[in-house]
Amino acid sequence: MINTAILSWVTFIFFAAFVFYLFRMILGREFWGKLATWTALAGLAAQSVALIIRWKTSYDLNMGHVPLSNFYESLIFFSWTIVLLYLLMERQLKNRSIGVFVMPVAFLIMAYASIAPGMNNRIEPLIPALQSNWLTSHVLTCFMGYAAFTVAFALGIMFFVRHAAGADSAKASVFIRLLPSEYLMDELMYSSVALGFIFLSLGIVTGSVWAHYAWGSYWGWDPKETWSLITWLTYAVMLHARGVRGWRGRRMAIMAIAGFGCVLFTYLGVNLLPSLHSYMT
Amino acid sequence: MTKNKSRLWSFFSSVELAILLLSLIAFFAVIGTLVPQREAAVELAGRMSPGLFFFLNKMQIFDLYHSIWFLLLMFLLSVNLVICSLERFPMAWRRFRLRLSPQNEDVFKNLPEENSFLTTADAPQAANIVAGLLERKFRHFKRTDESGSSFFCAEKGRFSSLGVYIVHLSILILIAGVMIGFVFGREGYVNIVEGEAINAIALRNSNQMLPLPFDVRCDKFTVEFYKGGAPKTYQSNLTFLRNNQPIFSGKLLVNHPIELEGFRFYQSSYGAAPEGKASLSILKNGKKPMAITLSPGEGFDLPGGEGQVKVLRIEENMMKMGPAVKLAVNGSKGDVAFWVFQQIDKIRQMNPGIIEQVPMFNPGIFRPYHFVLTGMEEKYYTGLQVTRDPGTPVVAAAAVLLICGLMLVLFSYARQVWIRIDQEKDKVRIRIAGRSYKNKAGLESEVQYLLAEIKDSLEKTK
Ligand code: HEM
């Protein structure tokens, strides 16, 4: 199908964008940065087109639904939100250094969606329990949250890269000098986590509303629900540690990376446990 | 005594305790996803020594989310939240109520060099420019003038400092709502065969029945499939009755529950009820077919008066050979019972000689009649989940409050600026000071922006 063909191309485009961001960081020439931004933007546009085609095709096949209904579609949407959020941030901050850490995540997700064995990329009809607008808002808000947490994670990794290079910036390579200051990275990490926290809260609330209509109870301690709560609590601890205990920098970076671990487990690991959210089966 | 009390108080008012409790709840939740819970735990019993299983069961490890441990954590978290807020709220309230005064010597102490500049413009003109700018950027501002000097103050996001209390209050309401559900909530299941009514449900996790204040009748159940065979819709048409008078009727679909008098009904499963109907065609000497539709137990007289036919059983898939009915004929020449398969022709093709070997499978055994099963009318039962949770509206209110509070806390921030204009010999000095409890970087750029705007406007008026 045409949409999956476009999406496999998008995987390569994101990879190219990552390589260009890397060239910029190594060669220190802004030309590569501009090229990287435009490449990422082109990838995002192609991905949006593919998603819209997919959406329309599902209506042509008489089972119309938003392309957010199976594991493959959720991976595509996940990488879409990550790239969108990153490009917005890049525009706002006028700083391209984060791209070299964010783009590989988007690329890896797309690559996984394209080549993972047993990945089902067909458009499939929705079983009755999934036919709900609340479910759509639930998936939408959750992935917005996940994308923001992904950016925070990338910043956490960046923080450690810069930290490991030491404070002696005179001797540092171009790569290190192009990274934002530790102070700025800490602020950005906080903003990303704050954004993610709101979206995750919205995601949990909309998910509960859906469960209320579909399963008979707003909360059922299903493993996926429980893990989203664990993720939420982890970030709540992070916000308190920062706001009240004054944690900054390295500790926040550790929390951002650990929090992202929870996000990944909520998204992927939980499928090893039996659950209602049977994306993977 | 007072010393003890104050120690307890400070223990419960500490944010360290909050961090510990939140981490503990997360930790318990992790354990709950790793150890099988409730029904799933039964399987573990076989693989564990009985003593250990008994102990873990007593410790409520197999029902962690409803255990005393979880309740205790919720309780401690609530106490922590209440005391912590009581401790801090008065300060926040005072700060919230405090009206700024334009004349504030303190904020201009130790002002960085770059937050002030000298200009040759005259003071009243500069004051007008500042007033216009603050009007645009802050909407409300205050001004006082005093012997050649002008003082301004303006602020944004006064409510943001209350956001934290809204978030924490919403958590308390959430816990209250969950507890109401815990104590007063009920959850049960019931199957209703098409055409029949029930007036009680089986409670989950107990052997009890819960009577309903009305009867529920299933008028019809339908299931539709997509072309590929995946289910598309399940629908039960239900009628609710009291004293045999219908009080409500409606369609129940997945994702569209029906609520009546606090009970919520959900479409959760379905199945074929044993009592379907079979449509038969009866031929005498291969002629004059006669059609009739029957349920198990029903019967009829053969047209020639040779005997009475009764339906014993109806099977959807008899011995994997498709739909079949078992008939008994009480004839004057004796009784005979046999099966009538719908796909008898296909069965004979695949197993030549079967009728001769197994006379029970011969639909023409009662001569001169021949029976044909023309169709089955299936009868379904619908499986409903029934819940009653008076805590739900409380939880919903808490969720709305939580989101609003979080927006206030995380997306807005309180910010105050003071500007003063002083005549210094033949020049005018303009100074800007700012204060923010959060988002210092944002304040910094706001102050720089204001400075640049004022300089710019002063340039233009020259
Ligand atoms: C699930 C429970 C909780 C959630 C979701 C939550 C959420 C939050 C949020 C979002 C903030 C703002 C952080 C920031 O400024 O970046 C905050 C601050 C705070 N929280 Fe909590 N909180 C929870 C439980 C608690 C508990 C149990 C306490 C008990 C002491 C507590 C005490 C505080 C304090 C003292 C602040 C700082 C207020 C300030 O900045 O003046 N929180 N909380």
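All of these numbers come straight from a predicted model, not from anything done at the bench. (Residues numbered from 1 in each chain as written. Chains lettered and ligands numbered in written order. Predicted model: local features only at pLDDT ≥ 70, side-chain atom pairs only at ≥ 80, totals over all residues. Heavy atoms only, no water.)

A look at the overall build of chain A
Inference 1: Tallying secondary structure elements over chain A gives 9 helices and 0 strands in all.
Inference 2: Reading chain A from its N terminus to its C terminus gives the helix and strand order α-α-α-α-α-α-α-α-α.
Inference 3: Computed over its C-alpha atoms, the radius of gyration of chain A comes to 19 Å, within 12% of the 19 Å expected for a compact globule of 281 residues.
Inference 4: Once the C-alpha set of chain A is aligned to its principal axes, its extents read approximately 60 × 45 × 30 Å.
Inference 5: Out of the 281 residues belonging to chain A, those deemed buried represent 57%. (Helix = DSSP H or I, 4+ residues; strand = E, 2+ residues; numbered from the N terminus. Rg over C-alpha atoms; globule rule 2.2 N^0.38 Å. Buried < 20%, exposed > 50% of the residue type's maximum accessible area, 1.4 Å probe, protein only.)

Notes on the site of the ligand
Inference 1: Surrounding the ligand, one finds 20 residues, the nearest of these being Tyr190 and His240 of chain A together with Asn80, Cys84 and His168 of chain B.
Inference 2: The site occupied by the ligand is bordered by residues of chains A and B.
Inference 3: Here an oxygen atom of the ligand sits 2.8 Å away from a polar atom, N or O, in the side chain of Tyr190 of chain A.
Inference 4: Of all the secondary-structure elements, those providing two or more residues to the shell around the ligand are α8 (223-243) of chain A together with α2 (15-34), α5 (68-97), α7 (160-184) and α10 (392-411) of chain B.
Inference 5: Considering each element in turn, the shell around the ligand owes the most residues, 5 residues, to α5 of chain B.
Inference 6: Grouping the amino acids of the shell around the ligand by side-chain chemistry returns 14 nonpolar, 4 polar and 2 charged. (Near = heavy atom within 4 Å. Polar contact = N/O pair within 3.5 Å; in protein donor to acceptor, adjacent residues only side chain to side chain. Nonpolar A, V, L, I, M, F, W, Y, C, P; charged D, E, K, R; others polar.)

Focus: the packing of aromatic side chains
Residues and elements named next belong to chain A.
Inference 1: By the definition in use, this model includes 44 aromatic pairs over all chains.
Inference 2: Centroid distance Phe31 to Trp32: 5.1 Å. Interplanar angle 70 degrees. Geometry classified as edge-to-face.
Inference 3: For the pair Phe153 and Phe260, a centre-to-centre distance of 4.3 Å together with 20 degrees between the ring planes defines the contact as stacked. Within this pair, whereas Phe153 is found in helix α5 (residues 133-165), its partner Phe260 is found in helix α9 (residues 250-267), the two being separated by 107 residues in sequence. (Phe/Tyr/Trp six-rings, centres within 6.5 Å; stacked < 30°, edge-to-face > 60°.)

Some thoughts on the interface of chain A and chain B
Inference 1: At the interface, 42 residues of chain A touch 44 residues of chain B.
Inference 2: Buried area between chain A and chain B, summed over both chains or domains, comes out near 3,600 Å², and the portion from carbon and sulfur atoms is 73%.
Inference 3: In terms of surface lost to chain B, no three residues of chain A exceed Ile198, Tyr218 and Trp221 of chain A, which account for 18% of the buried area on that side.
Inference 4: Joining chain A to chain B, the criterion identifies 0 salt bridges.
Inference 5: For the interface between chain A and chain B, the tally reads 3 residue pairs in polar contact (both at pLDDT 80 or more).
Inference 6: Only α7 (182-214) and α8 of chain A provide two or more residues apiece to the side of chain A that touches chain B.
Inference 7: Sort the elements by how many residues they give to the side of chain A that touches chain B and α7 of chain A lands first, with 14 residues. (Contact = heavy atoms within 4.5 Å. Buried area = accessible area lost by both parts, 1.4 Å probe. Salt bridge = Lys/Arg side-chain N within 4 Å of Asp/Glu carboxyl O.)

Some thoughts on the pairing of strand β2 (residues 141-146) of chain B
Residues and elements named next belong to chain B.
Inference 1: Bridge count for β2 against strand β3 (residues 149-156) is 6 bridges, and the pairing is antiparallel. Residue pairing for β3: Thr144 is matched across the bridge by Phe151.
Inference 2: Taken together, β2 and the strand that follows it, β3, pair antiparallel across an intervening segment of 2 residues, in which Ser147 is found at a positive phi of about 30 degrees. (Pairing = 2+ DSSP bridges.)

Remarks on the sheet that holds strand β12 (residues 287-294) of chain B
Residues and elements named next belong to chain B.
Inference 1: One open sheet accounts for 3 strands, arranged β12-β11-β17; its pairing is antiparallel. Where the open sheet ends on each side, the last strands, each with one partner, are β12 and β17 (369-377). On average, each strand axis in the sheet is tilted by 20 degrees relative to the strand beside it, whichever way the strands run.
Inference 2: Where strand β11 (residues 277-284) and β12 come together, 6 bridges link them in antiparallel fashion. Each bridged residue has a counterpart across the sheet, and for Ala278 the counterpart in β12 is Leu294. (Axes fitted to C-alpha atoms, helices over the stretch in contact; angles between N-to-C directions.)

Overview of the domain arrangement of chain A
You'll often see interface size given as the accessible area lost when the parts meet.
All names here are of chain A.
Inference 1: By domain assignment, chain A separates into domain 1 (1-126) and domain 2 (131-281).
Inference 2: Facing 28 residues of domain 1, the contacting portion of domain 2 comprises 27 residues.
Inference 3: Where domain 1 abuts domain 2, roughly 2,500 Å² becomes buried across the two surfaces, and 83% of that area is made up of carbon and sulfur atoms.
Inference 4: Together, Phe71, Phe78 and Phe101 form the three largest contributors to the area buried by domain 1 at its contact with domain 2, with a combined 25%.
Inference 5: Listing elements by their share of the side of domain 1 that touches domain 2, those giving two or more residues are α1 (2-27), α3 (71-93) and α4 (99-115). (Domains from an automatic or database assignment.)

Considerations on the side chain of Ser236 of chain B
Residues and elements named next belong to chain B.
Inference 1: Position of Ser236 relative to the elements: it lies in strand β7 (residues 231-242).
Inference 2: Here the side chain of Ser236 touches Gln267 through a polar contact of 2.4 Å, side chain to side chain.
Inference 3: Each residue touching Ser236, except ones within four places of it in the same chain, is listed here: Lys220, Phe221, Gly250, Lys251, Leu252, Gln267, Thr382 and Leu384.

A look at the packing of α5 of chain A against α7 of chain A
Residues and elements named next belong to chain A.
Inference 1: Remark: α5 packs on α7, axes separated minimally by 7 Å, with the N-to-C direction vectors making an angle of 160 degrees. It follows that α5 is roughly antiparallel to α7 by the angle criterion. The chirality of how α5 crosses α7 is left-handed.
Inference 2: Across the contact of α5 with α7, the residue classes break down as 24 nonpolar, 11 polar and 2 charged. (Parallel < 35°, antiparallel > 145°, perpendicular 65-115°, else oblique. Left-handed = near helix turned anticlockwise from the far one by under 90°.)

Remarks on a nonpolar patch on the surface
Residues and elements named next belong to chain B.
Inference 1: Residues Ile68, Trp69, Leu72 and Phe75 make up a contiguous nonpolar surface patch of about 400 Å² in total accessible area.
Inference 2: As for its position among the elements, Trp69 is in helix α5.
Inference 3: With relative accessibility at 33%, the residue Trp69 sits in the partly exposed group. (Patch = residues over 30% accessible without salt bridge, like charges linked within 9 Å, V, L, I, M, F, W, Y side chains within 5 Å. Areas by Shrake-Rupley, 256 points an atom, 1.4 Å probe, with all protein chains shown as cover.)

Regarding the sheet that holds β3 of chain B
Residues and elements named next belong to chain B.
Inference 1: The strand order β1-β20-β19-β3-β2 describes an open sheet built from 5 strands, whose pairing is antiparallel. Every interior strand has two partners, whereas the edge strands, β1 (116-119) and β2, have only one. Strand-to-strand twist across the sheet, computed as the mean angle between neighbouring axes with direction ignored, equals 15 degrees.
Inference 2: Relative to strand β20 (residues 427-436), strand β19 (residues 415-424) is paired through 10 bridges, and the arrangement is antiparallel.

Comments concerning the pairing of strand β18 (residues 380-388) of chain B
Regular strands have side chains that alternate between both faces of the sheet.
All names here are of chain B.
Inference 1: Burial of β18 is extensive: 7 of the 9 residues sit out of reach of the surface.
Inference 2: Of the strand pairs in this sheet, strand β4 (residues 186-193) and β18 are connected by 8 bridges, and their pairing is antiparallel. Bridging across to β18, Arg186 finds its partner in Arg388.
Inference 3: Bridge count between strand β10 (residues 263-272) and β18: 8 bridges; the pairing is antiparallel. When the sheet's bridge partners are listed, Tyr266 is paired in β18 with Gln385.

Brief notes about the nonpolar core
Inference 1: Judged by nonpolar contacts, the single largest core of 119 residues is most densely connected at Leu155 and Trp232 of chain A together with Leu410 of chain B.
Inference 2: The element best represented in this core is α5 of chain A, accounting for 14 residues.
Inference 3: Excluding anything up to four places from it in sequence, Leu155 of chain A contacts Met89, Ile98, Met185, Leu188, Met189 and Ser192 of chain A. (Core = buried A, V, L, I, M, F, W, Y, C linked by side-chain atoms within 4.5 Å.)

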